[in-house]
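Residue strings, one per chain:
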Amino acid sequence: MALHNEAEVRMPATTRSRAADVAAADARTEADVVLAMRGVTVDYGATRVLHEIDLSVRRGELIALLGPSGSGKTTMIRTIAGFAEPAAGQLLLHGRDLAGVPVHRRNIGLVFQSYALFPHLSVADNIAYPLKVQKKGRAAIKARVAELVELVQLAGHAGKRPARLSGGQQQRVSLARALAMDPELLLLDEPLSNLDANLRREVGEEIRRLQQRTGTTTIMVTHDRQEAFGMADRMAVLREGRIEQLDTPREVYRRPVNAFMAGFAGDANLLSGTVTATGELTEVTTAAGVLVTGDEAAPGADVVVLVRPEDVRIEPPAPAGPGLLAATIAESFFYGSSLVVQADAAGTRIQALVTGTASTRFEAGQQVSLRVDARDAVLLPRGAGA
Ligand SMILES: Nc1ncnc2c1ncn2[C@@H]1O[C@H](COP(=O)(O)OP(=O)(O)OP(=O)(O)O)[C@@H](O)[C@H]1O
């Protein structure tokens, strides 16, 4: 895995102390780990699909599993659920080794994108199903179902069959059914992917609220980074069967570990350059001009500077200098709440995202300056993970 080359690019002091904080918090919360994956390796025949995955999921948190198609997300969740057996490594649920424990004895709740509801049963009977299988008493089942129907806001729909509900409502039934057993861990496999785009965010926010209210430890697979950003406490990004980065959405976006992660987390300007001055700030000379950053690097180091489009400010033309690039507007695209501007800085294309610009217009050919603050320029090692 390509990570920061510590010799060349060092994290700023704030990030270093944060790393120490995280390590201390990890030690404190060891007892709070619900699911521990230790060196979990999974093969399909001769093909290794997951490589020695280490992951600790803490009580009450929601971890989003994200990654390109084929990176192993589904395999990971299937392995945790018990549909696939690891070739090596250990899975511990509250310290209990899951090796050989069948799916239905793991006390793990599952929600699939397809809802998987029983079409001939009412909402209430769908939710009651796992409780009946467990031979709970009639009164206890009735009380629990009423509670869950209320929780997922389906009061008034309890007697209906799934076909009479909207996709979002069906997904809530499926969630209520998964929560019926008070699972130690909830697994959500692309829970929103069958919903209309405009319903997705609403149902996503609802699931997140419910998850927080019930304190249910959850792992959710998604291929939608917005979904992961909006819902997760932490996200684990898989790449070719390995965890490329595990961090809060904010850190993944602001401090990706390499160029792959930078591009995966969002739109990114990635400028190759060489460190030409060091001191309080680091100066990097790129083809587009000189950028400055608070990140530390050795003089002469080859690096990549990451600048997010929303951190590029378009200003009237002025002589170029550190952090200020001379550029020409190439084109712009109006997206309602934002304007995406493409500019050319000495032959390098730079993207800027401008918001609140109803009255602002940029014409192709217009001369401008592009300002990038030192705190918004993030150093990545050259070549790593591109
Ligand atoms: N039953 C199987 N037999 C053999 N190979 C498989 C099987 N299922 C998945 N794979 C392979 O394992 C790798 C990981 O697949 P997996 O479905 O876990 O990825 P994913 O990240 O969930 O992808 P997607 O986002 O497309 O669902 C892929 O290379 C896939 O081709």
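Refer to the structure above for everything that follows.
From a predicted model like this one, the values you see are computed outputs, not experimental measurements.

**Examining the site of the ligand**
Surveying the vicinity of the ligand reveals the residues Tyr-44, Thr-47, Val-49, Gly-67, Ser-69, Gly-70, Ser-71, Gly-72, Lys-73, Thr-74, Thr-75 and His-223. Contributions of two or more residues to the shell around the ligand are made by strand E3 (47-58) and helix H2 (73-81). The element best represented in the shell around the ligand is H2, accounting for three residues. Taken together, the residues of the shell around the ligand sort by class into two nonpolar, nine polar and one charged.

**A few points about the sheet that holds strand E19 (residues 338-345)**
Pairing is antiparallel in the open sheet, where five strands are placed in the order E17-E21-E18-E19-E20. Taken across any chain shown, the strands that pair with only one partner, and hence form the sheet edges, are strand E17 (313-315) and strand E20 (348-355). Sheet twist, expressed as the average angle between the axes of neighbouring strands with direction ignored, equals 45°.

**A few points about the environment of Thr-355**
Residue position: Thr-355 is located in strand E20. Taking the number of C-beta atoms within 10 Å as the measure of exposure, Thr-355 has 10 and is therefore exposed. Excluding its chain neighbours within four sequence positions, the residues that come into contact with Thr-355 are Ser-337 and Ser-338.

**A word on the nonpolar core**
Within the largest apolar cluster, 98 residues are counted, with the highest numbers of intra-cluster contacts made by Ala-64, Leu-65, Ile-127, Val-305 and Leu-370. No fewer than three residues from each of domain 1 (32-259) and domain 2 (270-381) sit in this core. Discounting chain neighbours no more than four positions away, the residues touching Leu-370 are Val-312, Ile-314, Leu-325, Ala-327, Ala-343, Ala-345, Ile-350 and Ala-352.

**Focus: the pairing of strand E5 (residues 88-93)**
Looking at chain direction, strand E2 (residues 33-44) and E5 are connected through five bridges and run antiparallel. Each bridged residue has a counterpart across the sheet, and for Leu-35 the counterpart in E5 is Leu-93. Where E5 and strand E6 (residues 96-97) come together, two bridges link them in antiparallel fashion. For Leu-93, the partnering residue across the bridge sits in E6 and is Arg-96.

Each value, and the rule that gives it
- Residues numbered from 1 in each chain as written.
- Predicted model: local features only at pLDDT ≥ 70, side-chain atom pairs only at ≥ 80, totals over all residues.
- Near = placed C-beta within 6 Å.
- Helix = DSSP H or I, 4+ residues; strand = E, 2+ residues; numbered from the N terminus.
- Nonpolar A, V, L, I, M, F, W, Y, C, P; charged D, E, K, R; others polar.
- Pairing = 2+ DSSP bridges.
- Axes fitted to C-alpha atoms, helices over the stretch in contact; angles between N-to-C directions.
- Buried ≥ 20, exposed ≤ 12 C-beta atoms within 10 Å, placed from the backbone.
- Contact = placed C-beta atoms within 7 Å.
- Core = buried A, V, L, I, M, F, W, Y, C linked by C-beta atoms within 7 Å.
- Domains from an automatic or database assignment.

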